[in-house]
Every structure is written in C-alpha cells, then in structure tokens.
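One-letter residues, chain by chain:
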Amino acid sequence: MNAETLPEPERQSFELSRAFEAAFPPCSVSTELTSEQSAIIREKGVKAWEFEADSDVNIIVQDRTEVSFYGGEYCVQTNLPLPKRDPVYYFEVKVFEKIPKTRIGIGLSTKPYPSWRFPGRNRHSIGYHSNGRKYSNDPFDGKPYGVPYYKGDVIGCGYRTQTGTVFFTRNGVKLGSAVTGAHLNFFPTIAADGPCILHVNFGQMGFVFIEANVKKWGLAPSVGNLSPPPAYGSERDSLLLESGSALTEQELASIRLSIHSNADLRRSIFGESSRASILNTDQPISYGAIDAHPQPALKDAVTIPMEHATPPPSYSYGECSHSTHIHSQSGAGSSAENVHRTIF
C-alpha cells in the first residue's frame, strides 16, 4: 500500500505528518533526563510520570494517568522518557471504556511527535493497536501481532535497554518481541480515534504480568524518598518555643504586678481609661489573684441615658487600604516469526 491508495482522511493525516517531520525532525530536541528531572524521580518515585495533553487535542488527563479520549484521532505522551539505568522498564494500560468502533494504539515514541498520529505510524515509534497488528515506522498496514483487544483488556509494553527490544503483553501473557535494536529516548504513548477511557499503570500498583511484578519492572519505585516536613516543635533553636519557656512562674507574677501598679502601662496595653470613667471609681481595676483590691460593686456604676450615648462609627470594607478586590476574568498468536530488526 502507498499514500495514493489510502482513504482520503488517512492520506491527509499522512501528508500532514510528513510535513510535521520536516519541520520538527524526530530527536531534534534533547530529551535526555536532566539532573533536575532525575532528582524529581528520586523524590516522587513513579509519580513523577504523567501524561501531558496539548491544548488542541480532544483529551482530558486526570490524576496523571487516567486519560479520556472524546473523538478524533489523537495521541498523548508522558512528560518524562523511560530511564535507562535498569535492564527493563514496563507499564500497562487498562482499556477501561471503549466503544466497538474506536481504535486504540499503545506503545512508545520519541519527541517531537505529531499529536494526531498513532504510535508506530511515524518514524522512531512502535505501537500495538487494538486491531491486533503492530506498527513500527509504518504509516500503512502494519504486521500481524497477537490478537485484537477490547474493553476490559490490559495491554503491557516493555523496553529492554541493553538490546533496544520492545515487547508487549495482553492480559498478563507475553506476546513476544516486536522490534529490536531501537536505542532511543522513548516516551510511553497512547492514542485513540474515538471515545474511550484508558488507565495507565507505571508501577504505582501491581502489574497483571507476573514477571514484571516479581522483577519490579516499573518505571521507578512506587514511593519516592522525599522527606516529610519536620514535626512541629522539633526545632531546638525555635525562638517561639524558647520565649514561651524561659520565664518562671515568679517572673511572670512580677510582670503582672508591674502592669497592675503602673496605670499608664495598663492603659497602653488594655485601654483602661474608658472603663474606669464609666465605673466612676478611683479603685484600680483587678487583673488577677495578685490584686488585693476588690472589684467595684454595680451600685457604683454610672447610668448613661441612651439619648446621650454616641453611636459607634460605621465602617465599610472598602475603607480598608489593604482590602482585597476580586475581579472576574473571561477568561495470541505466535509472534516469533514477526520479530524483526528495525533501523531507527
């Protein structure tokens, strides 16, 4: 098959993808894990990976790895590539929801990659599609591989870093090697051409493929080594804690007595003048057990007629110089015969 024999929508998609490759050649940008990204992986573990959907695609990503497609032919890649430190890396995709006519592709691709192409149908990519065929740098028919998959199936994708081998599994059964000799910075990639919901497991939970579970082939440990914040009060040099514990009861009593015996200090701290004038008494105000003077009796209080009482000033929130204004914005068939060495 060639481009001329493709149906018109597929031919247009093919031509656009070739134009994309000319403008943004595969591997034209550096995608090696940086020291900063490696530090994030150490801190977060497998939670460092998440799918990133472009703003122009009909895809919604929730909780990093739950991807919903709503129509049209689109793909989505992860923010980080597969590491290369361990011999094997593996992830699984559960087909949570899918209508019969929707086609799905699961695999690996490099960046930049056109957002409307399935993995395997452009250069430097490999994919196992729900029609039961594998695609590797193949924009046309692909090759027989495994069997078709449907709603409820779990498809796994593994990558052997030493040999550059990509393999797939279906419901925990290994389908065999799809390609070998692919030594590139691959990003997990999923695609669909109709409504479906896919849940991806990078190792944050157990795999259906038992070997991957036993050998811990996830992209990273399920839990990172990010230290929790220190417990409250654990700082020995805390000025707040020291200031609260430095005074003895005797010193505190002396401070209370000083405040009680100094009328000016009392007024500056507690605002005593208005209360003393209303009570109309020369006796000092009591501030605790150290005060030897009794509280004035209610009969000594002065009654102020309401017509002479001055109402309190009225305030509005707008008078505060630091008020906050809120503005609105618009804002299994045998696959051994199908193994081939691919030139990437």
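All of these numbers come straight from a predicted model, not from anything done at the bench.

Reading guide: rules and limits
Residues numbered from 1 in each chain as written. Predicted model: local features only at pLDDT ≥ 70, side-chain atom pairs only at ≥ 80, totals over all residues. Heavy atoms only, no water. Helix = DSSP H or I, 4+ residues; strand = E, 2+ residues; numbered from the N terminus. Areas by Shrake-Rupley, 256 points an atom, 1.4 Å probe, with all protein chains shown as cover. Phe/Tyr/Trp six-rings, centres within 6.5 Å; stacked < 30°, edge-to-face > 60°. Buried < 20%, exposed > 50% of the residue type's maximum accessible area, 1.4 Å probe, protein only. pLDDT = per-residue confidence, 0-100. Contact = heavy atoms within 4.5 Å. 1 Å grid on protein atoms, 1.4 Å probe; cavity = no way out; pocket = protein on both sides within 12 Å on 5 of 7 lines; lining within 4 Å. Points joined across faces, edges and corners; volume = space filled by probe spheres on them. Nonpolar A, V, L, I, M, F, W, Y, C, P; charged D, E, K, R; others polar. Polar contact = N/O pair within 3.5 Å; in protein donor to acceptor, adjacent residues only side chain to side chain. Pairing = 2+ DSSP bridges. Salt bridge = Lys/Arg side-chain N within 4 Å of Asp/Glu carboxyl O. Core = buried A, V, L, I, M, F, W, Y, C linked by side-chain atoms within 4.5 Å. Patch = residues over 30% accessible without salt bridge, like charges linked within 9 Å, V, L, I, M, F, W, Y side chains within 5 Å. Lys, Arg positive; Asp, Glu negative; His and termini not counted. Charge placed at Lys NZ, Arg CZ, Asp CG, Glu CD.

### Brief notes about the overall build of the protein chain
A tally of helices and strands in the protein chain yields seven helices and 15 strands. For the protein chain, the accessible surface area stands at approximately 20400 Å², while carbon and sulfur atoms represent 55% of it.

### Comments concerning the packing of aromatic side chains
This structure, assessed with the given rule, holds 15 aromatic pairs. With centroids separated by 5.3 Å and ring planes inclined at 80 degrees, the aromatic side chains of Y128 and Y145 adopt a geometry described as edge-to-face. Taken together, the positions of Y128 in strand β7 (residues 125-129) and Y145 in the loop between β9 (143-144) and β10 (154-160) put the pair 17 residues apart, joining distant regions of the chain. Y145 shares its class with Y128; the two are buried. Residue class for Y145 comes out buried when judged on its relative accessible area of 1%.

### Digging into the confidence of the model for the protein chain
In low-pLDDT segments, the atomic positions of the prediction should not be examined closely. In this model, the protein chain carries a mean pLDDT of 80, and residues with pLDDT of at least 70 account for 69%. Residue range residues 239-243 is modelled with pLDDT below 50. Its contacts to residues more than four positions away, or to other chains, number five contacts. The low-confidence segment residues 284-293, where pLDDT is below 50, has 19 contacts with residues more than four positions distant or belonging to other chains.

### What about the layout of surface pockets?
In this model, the largest pocket occupies a volume close to 530 Å³. If you trace the largest pocket, you find 25 residues lining it, with R85, D86, L219, A220 and P221 closest to the centre. Only α2 (35-44) and α3 (210-214) provide two or more residues apiece to the lining of the largest pocket. Of the residues belonging to the lining of the largest pocket, the class tally is 12 nonpolar, nine polar and four charged.

### With respect to empty space enclosed by the protein
Roughly 40 Å³ of volume is contained in the largest cavity. For the largest cavity, the full set of lining residues is F20, E21, F24, P25, P26, T110, P112, Y113, P114, N122 and R123. In terms of residue class, the lining of the largest cavity is made up of seven nonpolar, two polar and two charged.

### Quick word on the side chain of N122
Examined against the element boundaries, N122 turns out to sit in the loop between β6 (104-109) and β7. Under the relative-accessibility criterion, N122 is labelled buried at 1%. Within the structure, the side chain of N122 is placed 2.9 Å from the side chain of E21, a separation counted as a polar contact. Setting aside anything within four residues of it in sequence, one finds N122 in contact with S17, R18, E21, Y113, P114, R117 and N137.

### A look at the sheet that holds β9
Pairing in this open sheet of seven strands is antiparallel, and the strands run β1-β4-β13-β6-β7-β8-β9 from one edge to the other. In this open sheet, the two edge strands, each paired with only one partner strand, are β1 (51-52) and β9. Here β7 runs beside strand β8 (residues 133-136); their pairing, made up of three bridges, is antiparallel. By the bridge assignment, I126 is partnered in β8 with S136.

### Some words on the pairing of strand β11 (residues 165-170)
Consecutive side chains along a regular strand alternate between the two faces of the sheet. Summarising burial for β11: five of the six residues are buried, a large majority. As judged from the six bridges shared by β10 and β11, these two strands associate in the antiparallel manner. Residue pairing for β11: Y159 is matched across the bridge by V166. Between the antiparallel neighbours β10 and β11 lie four residues, among them G164 with a positive phi of about 65 degrees.

### Points about the pattern of salt bridges
With the rule as written, the count across this model stands at nine salt bridges. Across the salt bridge formed by K84 and E32, the nearest N and O atoms sit 4.0 Å from each other. One end of the pair, K84, is in the loop between β4 (74-78) and β5 (88-98); the other, E32, is in the loop between α1 (8-23) and α2, and 52 residues separate them in sequence. Residue classification places K84 among the partly exposed positions, given a relative accessible area of 44%. The shortest N-O distance in the salt bridge between D193 and R103 comes to 3.7 Å. Pair noted here: D193 is in the loop between β13 (187-192) and β14 (196-201) and R103 is in the loop between β5 and β6, with a separation of 90 residues, a long-range link.

### Some points on the nonpolar core
Ranked by size, the top nonpolar core spans 42 residues in total, and within it F69, L108, F168 and I190 carry the most contacts. By residue number, the principal contributor to this core is β5, which donates four residues. In this structure, V88, F209, A212 and W217 belong to the second largest nonpolar core, which totals seven residues.

### Thoughts on a negative patch on the surface
A cluster of like negative charges, contributed by E50, E52, D54 and D56, occupies part of the molecular surface. Along the chain, E52 falls in strand β1.

### Some words on the environment of T180
Mapping T180 onto the fold places it in strand β12 (residues 173-180). With relative accessibility at 15%, the residue T180 sits in the buried group. Through-space distance from the C-alpha of T180 to that of V166 is 6.4 Å; in sequence the pair is 14 residues apart. Looking at T180, its side chain comes within polar contact range of the side chain of T165, at 3.0 Å.

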